[in-house]
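Understanding the architecture of this molecule
Here's the letter readout for the chains.
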Number of protein chains: 2
Amino acid sequence: MHMKTGVEQSVYAILLLNMLPDKAVLPGEAISQQLGVSATYFQKLLRKLVSADLIASVPGIKGGFKLKKRIEEIRIYDVYLAIEGQQTLYSSSGILCDMLELREEDRCCLLSDLMEEAENAWKSVLKKKTVADLAEEMKAERFAGKLESLKAWVQDTMVI
Amino acid sequence: MHMKTGVEQSVYAILLLNMLPDKAVLPGEAISQQLGVSATYFQKLLRKLVSADLIASVPGIKGGFKLKKRIEEIRIYDVYLAIEGQQTLYSSSGILCDMLELREEDRCCLLSDLMEEAENAWKSVLKKKTVADLAEEMKAERFAGKLESLKAWVQDTMVI
DNA sequence: ATAACATGGATATTGTTTATCCGCTTTATA
DNA sequence: TATAAAGCGGATAAACAATATCCATGTTAT
C-alpha cells in the first residue's frame with residue numbers, strides 16, 4: 001500500500017509550469033529531464049493531468065504543456081485524484097457475505113464504513129493544501145539561490 | 001494504492017477466534033477454509049498476527065491459534081499494522097533535492113509533512129474502532145441466524 | 001514539405017502481492 | 001517411543017500492478 005511516485009512528480013511538474021510566463025509552454029521531455037524521471041512514462045502522467053484539466057497541452061512544433069488552472073486552485077488532492085484515479089484505498093472482498101451466506105446486496109462488510117471514514121479523513125488533509133502553498137514554502141531562504149537557477153532553466157527551455 | 005486483502009481476512013479471523021471457549025484453539029487450515037482463502041498463504045498472515053501479539057499459536061497435534069488479547073484491546077489499526085507493517089503510505093523520492101542540488105539530509109520534500117499529517121488522520125480513524133465494536137455490529141438481527149451457524153461450526157471444529 | 005511536438009495503443013520490464021512447496025520443530029496419543 | 005497433526009520459516013513460483021519503452025498517428029510553426 002503505497003502512493004504512486006507519479007503524484008510527487010506531478011506536483012513538482014506543476015510548480016515548474018508555474019514559472020512559465022503567459023503563453024509559454026514547456027515540452028514534456030524537458031520537464032521529465034528536469035525531474036530526472038522516465039520521459040516516455042511521464043508523458044502518460046502528463047496526459048492524466050490534462051484529462052483532469054489541471055494542465056493544458058499544445059501539439060505541434062513549439063508545443064508543450066502549460067498550466068490550465070492557477071496553482072491557488074490546484075489542491076494536492078486534485079493531483080492525487082488525477083494520477084491515482086477514483087479507486088478507493090479499501091474495498092471489501094465480501095468474505096463476511098460468503099461466510100454468512102448472504103447476498104452481496106446486503107452490504108455486510110463490517111469494515112467498509114470505517115475504512116470510508118478513514119479515507120475521507122485522509123483526503124480532507126490533502127484538500128486543505130494547494131500547490132500555491134507549496135510554492136510559498138519553496139521561497140524559504142535555504143532554497144533561494146537554487147530556485148533562481150531553476151527559474152533561469154525554465155526561461156532557457158520554454159518555447160513561446 | 002490499495003490495502004492488502006489480508007487486513008480484512010485477519011479481522012474476520014480474529015472474530016472467529018473470539019468465538020472459542022477458553023483453552024480451545026482453531027487450526028490455521030480450518031480458519032482459512034472458513035474464510036474461503038488460500039490456506040498456505042493465510043498461514044503467513046497468521047504468523048504476522050502472532051508476531052504482533054494479537055493471537056497466540058500452539059504447535060503440535062491439537063494445535064492451532066487462539067486470541068492473545070481480548071478483542072476490546074485490538075484496534076483495527078493494530079491489525080492493519082500487523083499485516084501491512086510500518087511502511088508509510090507516502091515516501092519522498094527526493095526529486096526536489098535533486099532538482100535544487102541539495103543534500104538528502106536537508107529534508108527538502110515539500111509534501112512530506114502534509115502526507116504525514118494525512119496518514120495520521122487516516123490512522124487515527126482506524127485507532128478509534130476495535131474488533132469488539134465490530135463483534136457488536138455483527139449481533140444485528142439480519143445476521144442472527146447465520147451467526148449461530150458460524151458459532152456452531154466453531155464448536156465443531158475447534159480442538160481443546 | 002519538414003521537423004518537433006503531443007496522442008494513444010501495444011507491449012515489455014520491474015516490483016509487489018499472493019500462493020505454493022518442502023524440510024523442520026513441537027506435542028498428544030497409541 | 002513411533003507416529004500423526006499441527007505450526008514455523010525459507011525458497012520459490014504465479015498473478016497482478018506499476019513503471020517504462022516503442023511506434024504509428026495527428027498537429028502546427030517554419
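Just above, that's the structure.
These lines cover the structure that appears in this document, whether it is placed above or below. These numbers come from a predicted model, not from an experiment. (Residues numbered from 1 in each chain as written. Chains lettered and ligands numbered in written order. Predicted model: local features only at pLDDT ≥ 70, side-chain atom pairs only at ≥ 80, totals over all residues. Heavy atoms only, no water.)

1. Looking at the relation of the copies chain A and chain B
Formally: To superpose the copies, least squares is applied to the C-alpha atoms of every residue with a pLDDT of at least 70 in both. The contact criterion used throughout is that any non-hydrogen atoms of two residues lie within 4.5 Å.
Overlaying chain A on chain B yields an RMSD of 0.0 Å, the required transformation being a rotation through 180° with an accompanying axial translation of 0.0 Å. Each copy turns onto its partner about a two-fold axis. Counting the interface residues of chain A, we find that 100% of their copies in chain B are interface residues as well, pointing to one common contact surface.

2. A word on helix H2 (residues 28–35) of chain A
Which entries qualify depends on this criterion: When accessible area is computed with a 1.4 Å probe and restricted to protein chains, residues below 20% of their type maximum are described as buried, those above 50% as exposed, and intermediate ones as partly exposed. Each helix is a run of DSSP H or I of at least 4 residues and each strand a run of E of at least 2, with the numbering of both proceeding from the N terminus.
Taken across its 8 residues, H2(A) has 6 buried, putting it largely inside the fold. Residues of H2(A) that are buried include every one of Gly28(A), Ala30(A), Ile31(A), Ser32(A), Gln34(A) and Leu35(A), and no others. The inward-facing, buried residues of H2(A) abut helix H1 (5–17), helix H3 (39–51), strand S2 (64–67) and helix H8 (141–157) of chain A together with helix H5 (95–100) of chain B. Of the residues trailing H2(A), Gly36(A) is marked for its positive phi of about 75°.

3. Regarding the packing of aromatic side chains
Operational definition: When the centres of two rings from Phe, Tyr and Trp lie within 6.5 Å, Trp using its six-membered ring, the rings pair. Their planes under 30 degrees apart give stacked, over 60 give edge-to-face, and anything left gives tilted.
All told, the structure shown has 4 aromatic pairs over all chains when counted by the stated rule. Taken together, a centroid distance of 5.0 Å and an interplanar angle of 80° make the contact between Tyr80(A) and Trp122(A) edge-to-face. Placement of Tyr80(A) in helix H4 (residues 76–84) and of Trp122(A) in helix H6 (residues 112–128) is noted, with a sequence separation of 42 residues between them. Tyr80(A) sits in the buried class, given a relative accessible area of 2%. Residues Tyr77(B) and Tyr80(B) carry aromatic rings whose centres are separated by 6.1 Å and whose planes lie at 40° to one another, so their mutual orientation is tilted. Placement of the pair is Tyr77(B) and Tyr80(B) together in helix H4 (residues 76–84), with a separation of 3 residues, close to one helical turn.

4. Looking at the interface of chain A and chain B
To be explicit about the condition: Note: buried area is the sum, over both parts, of the accessible area (probe 1.4 Å) each one loses when the two are combined. Put simply, a salt bridge is a Lys or Arg side-chain nitrogen that is within 4 Å of an Asp or Glu carboxyl oxygen. Whenever a nitrogen or oxygen atom comes within 3.5 Å of another N or O atom, the pair is scored as a polar contact, on the condition that within protein one atom can donate a hydrogen and the other can accept it, and that pairs from neighbouring residues in sequence are kept only if both atoms are in side chains.
Facing the 55 residues of chain A at the interface are 55 residues of chain B. Buried surface at the junction of chain A and chain B, summed over both partners, amounts to about 5200 Å²; 70% is from carbon and sulfur atoms. Summed over the three residues of chain A that lose the most area to chain B, namely Met1(A), Met99(A) and Leu110(A), the buried surface amounts to 16% of that side. Across the chain A-chain B interface, the total number found is 4 salt bridges. Note that Glu101(A) and Lys146(B) form a salt bridge whose closest N and O atoms lie 3.2 Å from each other. Inspection of the chain A/chain B interface yields 16 residue pairs in polar contact (both at pLDDT 80 or more).

5. Considerations on the protein's contact with DNA strand D
Filter applied, for reference: Working definition: residue near molecule or strand if any one of its non-hydrogen atoms lies within 4 Å of it. Ten residue types, Ala, Val, Leu, Ile, Met, Phe, Trp, Tyr, Cys and Pro, are classed as nonpolar, four, Asp, Glu, Lys and Arg, as charged, and the remainder, Gly among them, as polar.
Residues in contact with DNA strand D amount to 24 residues; listed here are only the nearest, Gly60(A), Gly28(B), Lys44(B), Arg47(B) and Ser57(B). Within the contact set of DNA strand D, a phosphate oxygen lies 2.9 Å away from a side-chain nitrogen or oxygen of Ser38(A). Within the contact set of DNA strand D, a phosphate oxygen lies 2.4 Å away from a side-chain nitrogen or oxygen of Ser57(B). Of all the secondary structure elements, the ones that give two or more residues to the surface near DNA strand D are H3 of chain A together with helix H3 (39–51), strand S1 (55–58) and strand S2 (64–67) of chain B. Partitioning the surface near DNA strand D into residue classes produces 9 nonpolar, 10 polar and 5 charged.

6. Concerning the pairing of strand S1 (residues 55–58) of chain A
All names here are of chain A. Quick reminder of the rule: In short, DSSP must find at least two bridges between two strands for them to pair.
Sheet topology note: the S1/S2 ladder contains 4 bridges and is antiparallel. From the neighbouring strand, Ser57 faces S2, where its bridge partner is Phe65. Between S1 and S2, which pair antiparallel one after the other, the connecting turn spans 5 residues, and Gly60 there sits at a positive phi close to 85°.

7. Regarding the packing of helix H1 (residues 5–17) of chain B against H3(B)
All names here are of chain B. As a reminder of what qualifies: Convention adopted: a line fitted to C-alpha atoms gives each axis, helices being fitted over their contacting stretch, and angles between N-to-C directions are expressed from 0 to 180 degrees. For this classification, under 35 degrees means roughly parallel, over 145 means roughly antiparallel, 65 to 115 means roughly perpendicular, and everything else is oblique.
With their axes 11 Å apart at the nearest point, H1 and H3 run at an angle of 70° to one another. The pairing of H1 with H3 is recorded here as roughly perpendicular in orientation. On H3, the residues touching Gly6, Gln9, Ser10 and Ala13 of H1 are Phe42, Leu45 and Leu49.

8. A short note on the environment of Cys109(A)
Summarising the element assignment, Cys109(A) is placed in the loop between helix H5 (95–100) and H6. Among the residues examined, Cys109(A) registers a relative accessible area of 14% and is labelled buried. For the pair Cys109(A) and Pro27(A), spaced 82 residues apart in the sequence, the C-alpha separation amounts to 47 Å. Ignoring anything within four residues of it in the chain, the contact list for Cys109(A) reads Tyr90(A), Ser92(A), Glu8(B) and Tyr12(B).

9. With respect to the nonpolar core
We count it as follows: Here the nonpolar core consists of buried residues drawn from Ala, Val, Leu, Ile, Met, Phe, Trp, Tyr and Cys, with membership extended through side-chain atoms lying within 4.5 Å.
Judged by nonpolar contacts, the single largest core of 124 residues is most densely connected at Ile31(A), Leu35(A), Trp122(A), Ile55(B) and Trp122(B). Those residues in contact with Trp122(B) that sit more than four places away from it in its chain are Met1(A), Leu89(A), Ala118(A), Glu119(A), Trp122(A), Met3(B), Tyr80(B) and Leu89(B).

10. Considering the packing of helix H2 (residues 28–35) of chain B against H3(B)
Residue and element names in this part refer to chain B. What counts, and what does not: Crossing handedness: left-handed means the near helix sits turned counterclockwise from the far one by under a right angle, and right-handed means the same turn made clockwise.
For the pair H2 and H3, interaxial distance at closest approach is 9 Å and the crossing angle is 110°. Here H3 runs roughly perpendicular to H2, going by the angle between their axes. In this structure, H2 crosses over H3, and the sense of that crossing is right-handed. For the pair formed by H2 and H3, the contact residues are Gly28, Glu29, Ile31, Ser32 and Leu35 on the first element and Ala39, Phe42, Gln43 and Leu46 on the second. Looking at side-chain class alone, the contact of H2 with H3 contains 5 nonpolar, 3 polar and 1 charged residues.

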